Amino acid sequence: MNQQSNRPTPPKQPRPLILALMLTGVLFWDANFNNTNSARASPDPIHIARKLVKNTSTILKYYKEVIHLDLAVGEAVFADLSEKTGLPPEQFEITDRQKRVWPDRCLGLGSNPSLCPSEAVEGWRLEISHRWIYRTDLLGRAIALENPEASKPSAETDDRREKEGAK
């Protein structure tokens, strides 16, 4: 008996080491073997090494800061959005993600400073299905809908619910 999980599957992410090695190889190949004019002097190996180190560190920094999103964050956001909209979590997808530092524990959305200690909180700004914007901490323990007006059902959603209820 195979049971299928209702958990959202995270987007396929490249392994940073493999990606860095592949790009390093391409740069090395281009620098050494792509010379069509044999009269040109061979490139300085120190210069090539510096370029490779710089490019590799840039790739790893990008992976560490932008791509890696904990699965628990997505699950928490999808569960909250499902509760607010009545739609199943499988219907949602993360269409954009940005790492952010929020100015307070209310993720920058609190109106009362006495309830939101001004302590910097690292987290994410997530766009869900090109419609909803969420703010979270890094682990998904604190989540907040940035644009609550988007969670109100549209006429299309109401029509779909009525049709499903009539079946």
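Residues numbered from 1 in each chain as written. Predicted model: local features only at pLDDT ≥ 70, side-chain atom pairs only at ≥ 80, totals over all residues. Heavy atoms only, no water.

Chemist: Requested: an account of the state of the cysteines, with residues and values cited.
Modeler: The final tally for this structure, using the stated rule, is one disulfide. Covalently, Cys-106 is tied to Cys-116 through a disulfide, its sulfur atoms 1.8 Å apart. Residues Cys-106 and Cys-116 are joined by a disulfide whose S-S torsion is about -85°; by sign, that bridge is left-handed. Of the two residues, Cys-106 sits in the loop between β1 (94–102) and β2 (121–128) while Cys-116 sits in the loop between β1 and β2, which places them 10 residues apart along the sequence. (Disulfide = S-S within 2.5 Å. Helix = DSSP H or I, 4+ residues; strand = E, 2+ residues; numbered from the N terminus.)

Chemist: Go over the sheet that holds β1 with me, naming the residues and quoting the values.
Modeler: Strand order in this open sheet of four strands is β1-β2-β3-β4, and the pairing throughout is antiparallel. Each edge of the open sheet is held by one strand with a lone partner, namely β1 and β4 (143–145). Neighbour-to-neighbour, the strand axes of the sheet open up by a mean angle of 20°, direction not taken into account. The pairing of β1 with β2 spans eight bridges and is antiparallel. For Val-101, the partnering residue across the bridge sits in β2 and is Glu-122. Packing against the sheet, helix α3 (residues 71–85) makes contact with β1, β2, β3 (132–137) and β4, and its axis sits at approximately 135° to β3. (Pairing = 2+ DSSP bridges. Axes fitted to C-alpha atoms, helices over the stretch in contact; angles between N-to-C directions. Contact = heavy atoms within 4.5 Å.)

Chemist: Lay out the nonpolar core in plain terms, naming residues and giving numbers.
Modeler: Ranked by internal contacts, the top residues of the largest apolar core, which has 14 residues, are Val-77, Leu-81, Phe-92, Leu-126, Ile-128, Trp-132 and Tyr-134. Contributing elements (two or more residues each) for this core: α3, β2 and β3. Element by element, the count of residues in this core is highest for α3, at four residues. (Core = buried A, V, L, I, M, F, W, Y, C linked by side-chain atoms within 4.5 Å. Buried < 20%, exposed > 50% of the residue type's maximum accessible area, 1.4 Å probe, protein only.)

This is a description of form; function is not addressed.
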